[in-house]
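Structural features, examined
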Amino acid sequence: MTAVKEFLHILKENKSGKKVGIYSICSSHPEVIKAGMIQATDDNSILCIESTSNQVDQFGGYTGMTPDMFITYVKGLAEELAFPTDKLLFGGDHLGPNAWQNLTAAEAMMNAKDLISAYVKAGYLKIHLDTSMFCLDDQGDRQNPLSDKVVALRASELCMVAEKTWKKYMEGPSQLHYIIGTEVPVPGGTDGAENEVTATKALDAQSTFAITKKAFIKLGLNEAWKRVVALVVQPGVEFGDENIFQYNREAAKDLSNSIQDFGILIFEAHSTDYQSKENLTHLVEDHFCILKVGPWLTFAYREALFALEEIERKIIDPKKNQLSCFQEVLEKVMIEQPKYWKKYYSGDETEQLFKRCYSFSDRSRYYLNDNRINDSIEKLKVNLNSKGIPLSILSQYMPSQFTAILKGAISNSVDEIIHSKIRDVLKMYSSACGYQ
């Protein structure tokens, strides 16, 4: 069964009431992606990996990768781990004018159409059409969402581009499957000011569905509409710098119970990071079938590196070996290049320092491809692998990985310890989705 067929099978099973789902990794970090492949191998499952319109676009995004470069990059990691590429499902997240909101609607949509075309030509099959953002010359109250009719029209225009691109460059009937709608608040976590996050009202979700369908049909996209498989809604989950809004299934009951009003569609939930294992399971059971996770995975990676650096300081003699100074280097780079955190982290200098290290929003993930940071991580690995990590100190700083080594599940090597730490998170998603 190909990845897209298994994906559709999972959605169908969930719609029928079975307690199965799929999680989607929204990260470009190699250690996160490798951990995902190791987990998927153990589960004998497909692996959905998504890039956002900010991460990857036709100009390179903040990762420096275009869509075709990203797929080549991920497939290279798969080859390194002997993970079958036919088990990979690539998704594009929030594809639309998001990165060009400072331009006029005409200019932003022109870029968005080129973006969609680049994603389709590269081989992405899960396409999230998100045109919910205001552009420079859009009229209306910006404290409220952009008009559903405008959003639907623009989404249908992007879908038309995707379908035409497939027909021109790809073989056979279109395998593109679309996700519509968007969550509230905007992607990437809250700014910490919210007191609550309200689940999408069933009537609002039904309105979005109906208006979008009408726009698709008006453009003659009847066949493409049959491949719209999910609606992004807000089940009431979010996170900020220090707060986590946990899933309340009672508050989302009306939305969950309305699932049969949406034809073949199921719900997709964004920002599910830091939910409890029980809540993730409840989300899947309540038809929020696709669970998106991103910052939590690089947060776990950063936690692993901080813990390993503490171990390094205890067992490596700085008079004989140069220390990695990972935290110091990370802080230096973030201070020198504040554009990815400055407008997100409020407070005085002490509070901002704390957030740069420990915020749930994990803005540090934007800096992990810096050469200086990578050099410090490599130095950390060399120091620890050459010296060997005593289990007694590993128990102090990483008890879960200490236990995994005792059980023989992983070896006492830095890479396996890091992957195990990331998989502590992935295993909760795997369990919630019915893989374990």
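Right, let's walk through the structure included here. (Residues numbered from 1 in each chain as written. Predicted model: local features only at pLDDT ≥ 70, side-chain atom pairs only at ≥ 80, totals over all residues. Heavy atoms only, no water.)

Within the chain one finds 16 helices and 10 strands. A compact globule built from 436 residues should have a C-alpha radius of gyration of about 22 Å, and the chain, at 22 Å, falls within 12% of that. Along the three orthogonal principal directions, the C-alpha set of the chain runs to about 70 × 45 × 45 Å. A fraction of 74% describes how many contacts in the chain between residues 6 or more apart in sequence connect residues 24 or more apart. Summing over all exposed atoms, the chain offers an accessible surface of approximately 19,200 Å²; the carbon and sulfur share of this is 52%. (Helix = DSSP H or I, 4+ residues; strand = E, 2+ residues; numbered from the N terminus. Rg over C-alpha atoms; globule rule 2.2 N^0.38 Å. Contact = heavy atoms within 4.5 Å. Areas by Shrake-Rupley, 256 points an atom, 1.4 Å probe, with all protein chains shown as cover.)

This brings us to the packing of helix α2 (residues 30–43) against helix α16 (residues 414–432). Where α2 meets α16, the axes come as close as 9 Å, and the angle between the chain directions of the two elements is 50°. When the axis of α2 is compared with that of α16, the two are oblique. The element α2 and its partner α16 pack so that their crossing is right-handed. In this structure, α2 uses E31, V32, K34, A35, G36, I38, Q39, D42 and D43 to contact α16, whose residues at the interface are H419, I422, R423, L426, K427 and S430. Classifying every residue of the contact of α2 with α16 by side-chain character gives 5 nonpolar, 4 polar and 6 charged. (Axes fitted to C-alpha atoms, helices over the stretch in contact; angles between N-to-C directions. Parallel < 35°, antiparallel > 145°, perpendicular 65-115°, else oblique. Left-handed = near helix turned anticlockwise from the far one by under 90°. Nonpolar A, V, L, I, M, F, W, Y, C, P; charged D, E, K, R; others polar.)

Attention shifts here to a negative patch on the surface. Side chains of E242, D348, E349 and E351 sit close together on the surface and give a patch of like negative charge. Residue position: E351 is located in helix α12 (residues 349–358). In this structure E351 comes out as partly exposed when scored by relative accessible area, which is 41%. (Patch = residues over 30% accessible without salt bridge, like charges linked within 9 Å, V, L, I, M, F, W, Y side chains within 5 Å. Salt bridge = Lys/Arg side-chain N within 4 Å of Asp/Glu carboxyl O. Lys, Arg positive; Asp, Glu negative; His and termini not counted. Charge placed at Lys NZ, Arg CZ, Asp CG, Glu CD. Buried < 20%, exposed > 50% of the residue type's maximum accessible area, 1.4 Å probe, protein only.)

Per the stated rule, a full pass over the model turns up 0 disulfides. C135 takes part in no disulfide bond, and the closest cysteine sulfur, belonging to C159, lies 19 Å away. Exposure remark for C135: the relative accessible area of 0% places this residue in the buried category. Cysteine C289 shares no disulfide, and the gap to the nearest cysteine sulfur, in C433, comes to 7.3 Å. For C289, a relative accessible area of 0% corresponds to the buried category. (Disulfide = S-S within 2.5 Å.)

A positive phi is found at S271, a non-glycine position, where the angle reads about 55°. Along the chain, the position of S271 falls in the loop between β9 (266–269) and α9 (277–285). On the basis of relative accessibility, which here comes to 8%, the residue S271 falls in the buried class. In the Ramachandran plot, H287 falls in the positive-phi region, its phi being about 75° despite a non-glycine side chain. Along the chain, the position of H287 falls in the loop between α9 and β10 (288–293).

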